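Report on the structure
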Amino acid sequence: MNIGIVGLGLIGGSLGLDLRSRGHTVWGVSRSAQTCQRAIDRGAVDDAGVSLTLMQTADVVFICTPLAAMQATVVALIPHLAPTTVLTDVGSVKGWVVETIAPLWPNFVGGHPMAGTAESGIEAAQHDLFVGAAYVLTPTPTTPVAAVQQVEALARSLQTRIYHCQPDEHDRAVAWISHLPVMTSASLIAACISEPDETVLNLAQALASSGFRDTSRVGGGNPELGVMMAQYNQTALVRSLHTYRNALDQLIRQVEQANWNEIEHCLKQTQQARQGFVVKDGT
Ligand code: NAP
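What comes next concerns the included structure. This one's a predicted model, so the numbers in the text were calculated from it and none came from an experiment.

**Quick look at helix α1 (residues 10-21)**
The terminal C-alpha atoms of α1, which comprises 12 residues, lie 17 Å apart, in line with the 16 Å expected from a rise of 1.5 Å per residue. Taken across its 12 residues, α1 has 10 buried, putting it largely inside the fold. Those residues of α1 that are buried lie in contact with β1 (2-6), β2 (25-29), β4 (60-63), β7 (111-113) and α5 (145-157). Among the residues trailing α1, Gly 23 stands out with phi positive, at a value near 95 degrees.

Right under this line is the structure:
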C-alpha cells in the first residue's frame, strides 16, 4: 500500500519506520527539508519532501503534525488527494480534530496511537514504539466503514490494541489518565517550590527520591504539550480538575479533623482502584 505521512517527528517518523517494515511504501512530507532528509536517512520513509504533491498517490495519509497545524495542513493537502484517499490523524485530542477535519474530507477517520516518549522530532522516532499500546479510533456515524477498516488494519499491524469510541468519550477519558495527571503533577512541583524556608526546600530537593520522581515525571515534561492539552481539551480538563479539587478538599478536611479512619478507608479504596488503570502492564 502507498502510505503518506505529513509531519515527520516522533509519531510520524515512528509510524514510517514500522509501516515500511510491514512492506508498505511510505512517502513523507514535513516543514523542513532537513527533517525530510533525516527521515530518508533513518529509513522512516522511502522518499520525503516539503511539497504536499508527494501525497497524490497515497492510499492512506496520516496527519502527524502538532494539533495547531492540522487544520491548515489538511486544507492545503486536499487539492493533492485522490477522492478515494483515506485521511487519518494521530492527534492526542479527538473532539476538536474530528469537528474540524471531518467536514473537510468525508474519508477521514480520527485516530490516536497512545504511545510516546519524552523526546520529540525525527531523531526521537523509533521502531516498535506502538507495540502493546492502545490505538483509539473515533469514527462518526457518517465515516465510511471501508475507511475505518483500512485504518484499523494498519493500526493492528503495528501490534496495537484497538479501541473505538466517540471523540468526546476519548477526550474525557484522556483528560482523566493523561491531561489531569500532567496538571496535578505540575501543581505538585509548583507547590513544593513555593516552600518559603530555603533550608527546608534545599533539604527536600536533596531527599527527593523514587516516589517524587514518579509523581513529578509528567509535570516536568514538555510545556508545549501541556499547553496543547489545556487548549484543545479545555472542557474535559476543567471538569476533571474540579473533581480532583473536590477530592483534595475532602482529604484536607479529613487530615485537619484527624479523621484517620476515613483516610484509611479512602486509601484502601484508591489502592484497589489503581489496579483498574495500571494492572494491564503490571506497573
Ligand atoms: P514532534 O515530534 O514535534 O513532531 C511533529 C513534526 O511535525 C515536527 O517534527 C515538524 O517537523 C513537523 N511539522 C510541524 N509543523 C508542520 C507543518 N505545518 N507541516 C508539516 N510538518 C510539520 O511531535 P509528535 O510528538 O510526533 O506529535 C505529533 C502529533 O502526534 C501531535 O498531534 C500529537 O498530539 C500526537 N501525539 C503525540 C504523542 C506524544 O507522546 N508525543 C503521542 C500520541 C500522539 P519539521 O522539523 O519539518 O518542522
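**Section: the side chain of Thr 88**
Among the secondary structure elements, Thr 88 is positioned in strand β5 (residues 86-89). The buried category is assigned to Thr 88, whose relative accessible area is 0%. The residues touching Thr 88, leaving out its near neighbours within four places in the chain, are Val 60, Val 61, Phe 62, Ile 63, Phe 108, Val 109, Gly 110, Gly 111 and Val 151.

**Some points on the layout of surface pockets**
Here the second largest pocket defines a volume of roughly 210 Å³. Around the second largest pocket, the lining is made up of 14 residues, and of these Asp 171, Tyr 232, Asn 233, Thr 235 and Ala 236 lie nearest the centre. Put simply, the parts of the chain that give the lining of the second largest pocket at least two residues each are α4 (95-101), α6 (167-193), α9 (223-232) and α10 (234-256). Of all the elements, α10 adds the most residues to the lining of the second largest pocket, at four residues. By residue class, the composition of the lining of the second largest pocket is four nonpolar, five polar and five charged. There are two domains that each give the lining of the second largest pocket at least three residues, and those are domain 1 (2-165) and domain 2 (169-278).

**As for the side chain of Ser 240**
Mapped onto the elements, Ser 240 comes out in helix α10. Taking relative accessible area as the criterion, Ser 240 reaches 0% and is therefore assigned buried. Filtering out sequence-adjacent residues up to four positions away, Ser 240 remains in contact with Ala 175, Trp 176 and Leu 180.

What counts as what
Residues numbered from 1 in each chain as written. Predicted model: local features only at pLDDT ≥ 70, side-chain atom pairs only at ≥ 80, totals over all residues. Heavy atoms only, no water. Helix = DSSP H or I, 4+ residues; strand = E, 2+ residues; numbered from the N terminus. Expected span 1.5 Å × (residues − 1). Buried < 20%, exposed > 50% of the residue type's maximum accessible area, 1.4 Å probe, protein only. Contact = heavy atoms within 4.5 Å. 1 Å grid on protein atoms, 1.4 Å probe; cavity = no way out; pocket = protein on both sides within 12 Å on 5 of 7 lines; lining within 4 Å. Points joined across faces, edges and corners; volume = space filled by probe spheres on them. Nonpolar A, V, L, I, M, F, W, Y, C, P; charged D, E, K, R; others polar. Domains from an automatic or database assignment.

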